[in-house]
Amino acid sequence: MRAINSSVMKQSNRKMVLGWIRRRPISRAELSDCTQLTRASITQIVDELMEEGLVTETESVGRNKLGRKQTQLAIVKDAMYIAGVNLRRVGYDLGVINLAGEVLWQRSGATLGREVCTVLDEIAAQLKDAVRALEIPPGRLYGVGVGAPGPLDRCRGMILNPPDFKLWHNAPVVEMLKARTGWNVFLENISNAHALEELYFGVGREGVQSFMLLRVDEGVGAGIVLGGRLFSGPRGQSPEIGHVSIDRNGPACACGRRGCWERYISFPAVLQGTPFTGWPQVIDTLGRNPEADALFARVAENLAFEIANIANVFGLDRIVLSGNFVYGGERLADAVNRNMQGQCLWEMGTQPVLPGRPMETARIAAMAAYHSIFSNC
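Computed from a predicted model, the values in this text were never measured in an experiment. (Residues numbered from 1 in each chain as written. Predicted model: local features only at pLDDT ≥ 70, side-chain atom pairs only at ≥ 80, totals over all residues. Heavy atoms only, no water.)

Another aspect to go through is the overall build of the protein chain. Scanning the protein chain from terminus to terminus reveals 12 helices and 15 strands. Computed over its C-alpha atoms, the radius of gyration of the protein chain comes to 22 Å, within 12% of the 21 Å expected for a compact globule of 377 residues. Looking at the protein chain as a whole, 50% of its 377 residues are labelled buried. Put simply, 59% of the contacts in the protein chain that link residues at least 6 apart link residues at least 24 apart. (Helix = DSSP H or I, 4+ residues; strand = E, 2+ residues; numbered from the N terminus. Rg over C-alpha atoms; globule rule 2.2 N^0.38 Å. Buried < 20%, exposed > 50% of the residue type's maximum accessible area, 1.4 Å probe, protein only. Contact = heavy atoms within 4.5 Å.)

Next comes the structure, spelled out in structure tokens:
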């Protein structure tokens with residue numbers, strides 16, 4: 001047991017050190033201060049990481065207490081590569097990224113009406129083509145991150161029973177894709193994966209450690225990060241915010257319940273009975289079309305009402321709007337923030353709701369594998 005604990009602790013410390021180096025160039029002395037590990041432990045871990053080619057020394061900057069210049073450490077961005085597979089109800093997106101999160105290759109294809117085996121055969125073949133095209137050396141592809149609609153069982157690597165995704169129900173996608181590629185495969189709810197992408201490359205880099213990523217498109221999904229850690233159930237479940245009922249006598253939902261928030265705020269619901277065919281049309285006609293103004297106001301009110309509820313439950317600092325709401329996101333975030341004033345139980349500032357960035361779908365899906373390099377949870 002002592003050996004096992006020692007091994008687990010060593011791996012945990014290694015990931016912690018890697019995580020700090022990933023954030024910014026940092027000296028060994030700073031690493032010791034940030035991690036509370038001894039200088040000797042830091043030296044041993046850094047030496048191993050440098051020997052493996054994951055970390056390199058950069059220019060010397062500043063001086064320590066003894067007046068010596070400090071050499072900074074940085075991640076070698078091409079030391080590893082990660083593939084991403086974003087499974088959607090109508091199609092899929094593929095990509096390959098490096099440790100800096102740079103998207104080096106992308107493709108897409110169809111899933112609607114196609115058998116799981118056929119789609120995964122196609123995905124595996126395209127990813128192998130990508131590895132050859134990018135000339136990735138053997139052993140340098142860390143793994144494949146798969147993002148999919150929930151609910152799913154991350155531990156068993158299985159998609160369970162997402163609404164409107166019937167052909168993929170109970171599909172053991174991790175086992176199936178690993179058998180086709182020979183690579184390690186990591187499955188994550190796409191909303192959780194998107195929250196991780198924000199943690200590593202969005203608001204998390206600005207120091208925000210408790211936030212919700214709210215994705216709204218044909219459905220409603222959310223990923224929640226609390227204290228820098230992804231919030232999920234024991235099998236990797238993400239919070240099904242879209243299926244929180246706000247009216248038990250409301251319209252029927254595909255999940256089998258009634259009055260789900262998704263039936264009010266997803267885009268099929270938002271645009272139903274209106275002359276608009278998409279959200280950009282609403283945004284582009286604001287101020288000139290009374291129907292667009294009214295719909296925009298209603299969406300902002302509905303978002304503010306439920307976001308305030310969620311913020312009060314989880315104690316969030318920020319909420320990032322994503323999905324189709326990226327278009328016109330700044331205007332919508334401003335309107336939601338105005339509507340939220342007085343609805344939260346503590347001071348969140350005047351701008352707790354933030355507009356999201358254009359989605360890098362392949363990078364988002366790759367986070368299921370990327371996260372395991374730098375985190376123990």
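Having put the structure on the table, let's press on.
Another aspect to go through is the sheet that holds strand β4 (residues 81-87). Across the sheet, five strands lie side by side as β6-β5-β4-β7-β10; this open sheet has mixed pairing. The strands lining the two open edges of the sheet, one partner per strand, are β6 (103-110) and β10 (185-189). Direction aside, neighbouring strands of the sheet carry axes that sit 20° apart on average. Sitting on the sheet, helix α5 (residues 173-181) touches β4, β7 (141-148) and β10, and the angle it makes with β10 is about 150°. The strands that helix α6 (residues 190-201) touches are β4, β7 and β10; relative to β10, the one it contacts most, it runs at about 95°. (Pairing = 2+ DSSP bridges. Axes fitted to C-alpha atoms, helices over the stretch in contact; angles between N-to-C directions.)

This next bit is on a nonpolar patch on the surface. Judged by side-chain polarity, V244, I246 and F305 come together as a nonpolar surface patch covering roughly 240 Å² of accessible area. Note that F305 resides in helix α10 (residues 290-314). (Patch = residues over 30% accessible without salt bridge, like charges linked within 9 Å, V, L, I, M, F, W, Y side chains within 5 Å. Areas by Shrake-Rupley, 256 points an atom, 1.4 Å probe, with all protein chains shown as cover. Salt bridge = Lys/Arg side-chain N within 4 Å of Asp/Glu carboxyl O.)

This part covers the nonpolar core. If you look at the biggest cluster of nonpolar residues, it comprises 40 residues, and the most contacted ones within it are L214, W279, L303 and L332. Of all the secondary-structure elements, those providing two or more residues to this core are β11 (211-216), β12 (220-226), α8 (267-271), α9 (279-284), α10, β14 (318-323) and α11 (329-340). Of all the elements, α10 adds the most residues to this core, at 11 residues. L303 has contacts with L214, W261, I265, F325, L332 and V336, leaving out every residue within four places of it along the chain. With 37 residues, the next largest nonpolar core counts L54, A79, V203 and A366 among its residues. (Core = buried A, V, L, I, M, F, W, Y, C linked by side-chain atoms within 4.5 Å.)

Bringing the pattern of salt bridges into the picture now. Taken as a whole and judged by the stated rule, the model has 14 salt bridges. For E188, the salt bridge is made with R154, and the minimal N-O distance between the two is 2.7 Å. Residue E188 is found in strand β10, and its partner R154 is found in the loop between β8 (152-153) and β9 (158-159); the two are separated by 34 residues along the sequence. Overall, R154 belongs to the partly exposed group, its relative accessible area being 29%. For R363, the salt bridge is made with E197, and the minimal N-O distance between the two is 2.6 Å. Note that R363 is positioned in helix α12 (residues 361-374) and E197 in helix α6, a separation of 166 residues in sequence. A relative accessible area of 12% places R363 in the buried class.

Turning to the pairing of β6, a few remarks are in order. Two strands pair when backbone bridges link them, and strand β5 (residues 91-98) and β6 are joined in this way by seven bridges, in the antiparallel orientation. Within the sheet, the bridge partner assigned to D93 lies in β6 and is S108. Between β5 and β6, which pair antiparallel in sequence order, lie four residues; one of them, G101, sits at a positive phi of approximately 80°.

This part takes up the environment of W346. Tracing the backbone shows W346 in the loop between α11 and β15 (353-355). In the structure, W346 is positioned 303 residues away from T43 in sequence and 43 Å away in space, judged by C-alpha atoms.

Evaluation of the coordinates by the stated rule reveals zero disulfides. Lacking any disulfide linkage, C260 is separated from the closest cysteine sulfur, that of C255, by 3.7 Å. With a relative accessible area of 0%, C260 lands in the buried category. (Disulfide = S-S within 2.5 Å.)

Judged by pairing direction, the sheet is mixed, and its five strands sit side by side in the order β13-β12-β11-β14-β15 without closing on themselves. Every interior strand has two partners, whereas the edge strands, β13 (229-231) and β15, have only one. Averaged over all neighbouring strand pairs, the angle between strand axes comes to 25°, with direction disregarded. Contacting β14 and β15, α11 runs over the sheet at an angle of about 175° to β15.

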